[in-house]
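A look at the structure
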Amino acid sequence: METRAAVRNCPTQHICGARMNGQIATCMEEHRTETDDLVILHTKETCETVLEEDDDDDVEGEFTHPIPWQKIEAEGLDCDYGLLFSKQEADRLFNQLELEVEYFTGDKAKVQVYGKLYSVPRQQATYGDEGLMYSFSGVHLLARHWTPTLEYIRDVVTNATGQTFNFVLINRYKDGHDHIGEHRDDERELDPTCPIASVSVGAARDFIFRHKDARGGPDKRQIKPVKLELAHGSLLLMNSPTNTYWYHSLPIRKKVKTPRINLTFRHIIKNGVKK
């Protein structure tokens, strides 16, 4: 069974957002490639199509302060994507993060796999409300206090989505060799009713979703992966139940020579008790 990534409110063959507040939405055009066997959503072109006024009203009802959102959907996958910051502001935020963020070193820069510790092929940091702890792959990371820039980005994300976040996991990829393997953000500390908001600044990188039933085994299903290119200044909102059914990864891309910083804002439930 083949799965196609679909986007709502698109009046043309392109996958587009609306023109809002005098801004032209970034356009995503769907392509298929035999070599990667992927559904690919590119985000480099500019879309001149303007949605009808009724469509704008629908978007405004869903988000507090709307940006040109693109709805990405497949079986069990529900995401929203848009450009949150202009290039100028994204450049400024990247530079500020380079000055402010303190990344983990030593054992906290490693993950545990089958009882052994391995170095993480990227830099990591955690920030958030006082006392919050995030645990994954045998590592327990205590949140540092919010920096001014992180607070600013968090508040912009909240204004754009209507969601509140109390924690952020930061991954810095020095170039295309740094990467992260397939995983789901489904740790027990996470509030399952709150989406995960992923902000990217720096080099554009491929981001791939793979359905859990398409990863192998005797009951493997033929479900196409979904590939996005996360642009400088972009926001990807991963809504429920995406992390229940889909793994995601940031694969090695040797042609990428410049760094990227990704911030995934989350809502952690204190004491790790889900609602």
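Right, let's walk through the structure included here. Counting restarts for each chain, with residues numbered from 1 along the sequence as it is written. Only residues with pLDDT of at least 70 get local features here, since the model is predicted, and only at 80 or more are side-chain atom pairs given and counted; chain-wide, interface and lining totals rely on the full set of residues. Side-chain calculation: all heavy atoms of the structure are included, whereas hydrogens and water are not.

What to know about the overall build of the protein
Just so we agree on the cut-off: Secondary structure follows DSSP: runs of H or I at least 4 residues long count as helices, runs of E at least 2 residues long count as strands, and numbering of each begins at the N terminus. Residues are treated as being in contact if the distance between any of their heavy atoms lies within 4.5 Å. Using a 1.4 Å probe, the Shrake-Rupley method yields the accessible areas, and only the shown protein chains count as cover for residues.
Along the protein, the regular secondary structure elements total 4 helices and 18 strands. Within the protein, contacts between residues at least 6 apart in sequence are counted, and of these 74% link residues at least 24 apart. Accessible area of the protein: about 13,600 Å², with a carbon and sulfur share of 47%.

Overview of helix α2 (residues 87–100)
Defined as follows: By this rule, a helix spans an expected 1.5 Å times one less than how many residues it contains. Exposure categories follow from relative accessible area, calculated using a 1.4 Å probe and restricted to protein chains: below 20% of the type maximum is buried, above 50% is exposed, and the middle band is partly exposed. Working definition: the arc comes from the directions between the helix axis and the C-beta atoms, pointing outward to the latter.
Given a rise of 1.5 Å per residue, 14 residues ought to cover 20 Å, and the 20 Å separating the end C-alpha atoms of α2 matches this to within 8%. If you check which residues of α2 are buried, you get A90, L93, F94 and L97. Taken end-on, α2 shows its buried residues confined to a sector of 105°, consistent with a single buried face. Exposed positions of α2 whose direction lies more than 90 degrees from the buried face are Q88 and L99. For α2, the elements touching its buried residues are α3 (148–161), β13 (196–202) and β18 (260–266).

A look at the pairing of strand β17 (residues 246–250)
Where we set the bar: For two strands to be treated as a pair, DSSP must find no fewer than two bridges joining them.
Most of β17 is tucked away: 5 of the 5 residues are buried. Along β17, one buried face is formed by W246, H248 and L250 and the opposite face, lined by Y247 and S249, is buried too. Across 2 bridges, strand β12 (residues 180–183) lies against β17 in antiparallel orientation. Residue pairing for β17: H183 is matched across the bridge by H248. Note: strand β14 (residues 205–211) against β17, 4 bridges, orientation antiparallel. When the sheet's bridge partners are listed, F209 is paired in β17 with H248.

Details of the pattern of salt bridges
It is possible for side chains of opposite charge to pair when their charged atoms get near one another. So the rule is basically this: The term salt bridge refers to a side-chain nitrogen of Lys or Arg lying within 4 Å of a carboxyl oxygen of Asp or Glu.
The final tally for this structure, using the stated rule, is 16 salt bridges. The partner of R221 in a salt bridge is E75, with the nearest N and O atoms 3.0 Å apart. Taken together, the positions of R221 in the loop between β14 and β15 (226–230) and E75 in the loop between β4 (70–74) and β5 (77–83) put the pair 146 residues apart, joining distant regions of the chain. What makes R221 partly exposed here is its relative accessible area of 24%. A salt bridge links E182 to R210; the nearest nitrogen and oxygen atoms lie 2.5 Å apart. Placement of the pair is E182 in strand β12 and R210 in strand β14, with a sequence separation of 28 residues. One network of salt bridges, in which partners are shared, links E75, K212, D213 and R221.

Some points on the sheet that holds β5
Here is the rule we go by: Every angle, taken between N-to-C directions, lies between 0 and 180 degrees, and every axis is a line fitted to C-alpha atoms, over only the stretch in contact when it is a helix.
The strand order across the open sheet formed by 7 strands is β4-β5-β16-β13-β18-β11-β8, and the pairing between neighbours is antiparallel. In this open sheet, the two strands that pair with only one neighbour each are β4 and β8 (123–128). Neighbour to neighbour, the strand axes of the sheet diverge by 20° on average, direction disregarded. Lying on the sheet, α3 is in contact with β8, β11 (167–173), β13, β16 (234–238) and β18; it crosses β18 at an angle near 60°.

Structural notes on the nonpolar core
Our working rule: For this analysis, a nonpolar core means a set of buried residues of the types Ala, Val, Leu, Ile, Met, Phe, Trp, Tyr and Cys, connected via side-chain atoms within 4.5 Å.
In terms of nonpolar packing, the biggest core is built from 33 residues, with F209 and L236 touching the most fellow members. Beyond its immediate stretch of four places on either side in the chain, F209 contacts L77, C79, P225, V226, L228, L236, M238, T242, W246, Y247 and H248. Counting 30 residues, the second-largest nonpolar core is a separate cluster that includes L84, L93, I153 and F165.

Here we look at the environment of N262
Along the polypeptide, N262 turns up in strand β18. N262 sits in the buried class, given a relative accessible area of 6%. Linking N262 and S234, residues 28 residues apart in sequence, is a C-alpha distance of 9.8 Å. Discounting residues that sit within four places of it in the chain, N262 has contacts with L169, I170, N171, Y173, S198, V199 and S200.

What about the packing of α2 against α3?
Here is the rule we go by: Orientation is classified from the angle alone, with under 35 degrees giving roughly parallel, over 145 giving roughly antiparallel, 65 to 115 giving roughly perpendicular, and any other angle giving oblique. Each residue gets one of three labels, nonpolar for Ala, Val, Leu, Ile, Met, Phe, Trp, Tyr, Cys and Pro, charged for Asp, Glu, Lys and Arg, and polar for the others, Gly among them.
Contact pair α2 / α3: the axes reach a minimum separation of 9 Å and the direction vectors enclose 140°. Put simply, α2 runs oblique to α3. Contacts between α2 and α3 involve E89, R92, L93, Q96, L97 and E100 from the first element and P148, T149, L150, Y152 and I153 from the second. A class-by-class count of the residues in the contact of α2 with α3 yields 6 nonpolar, 2 polar and 3 charged.

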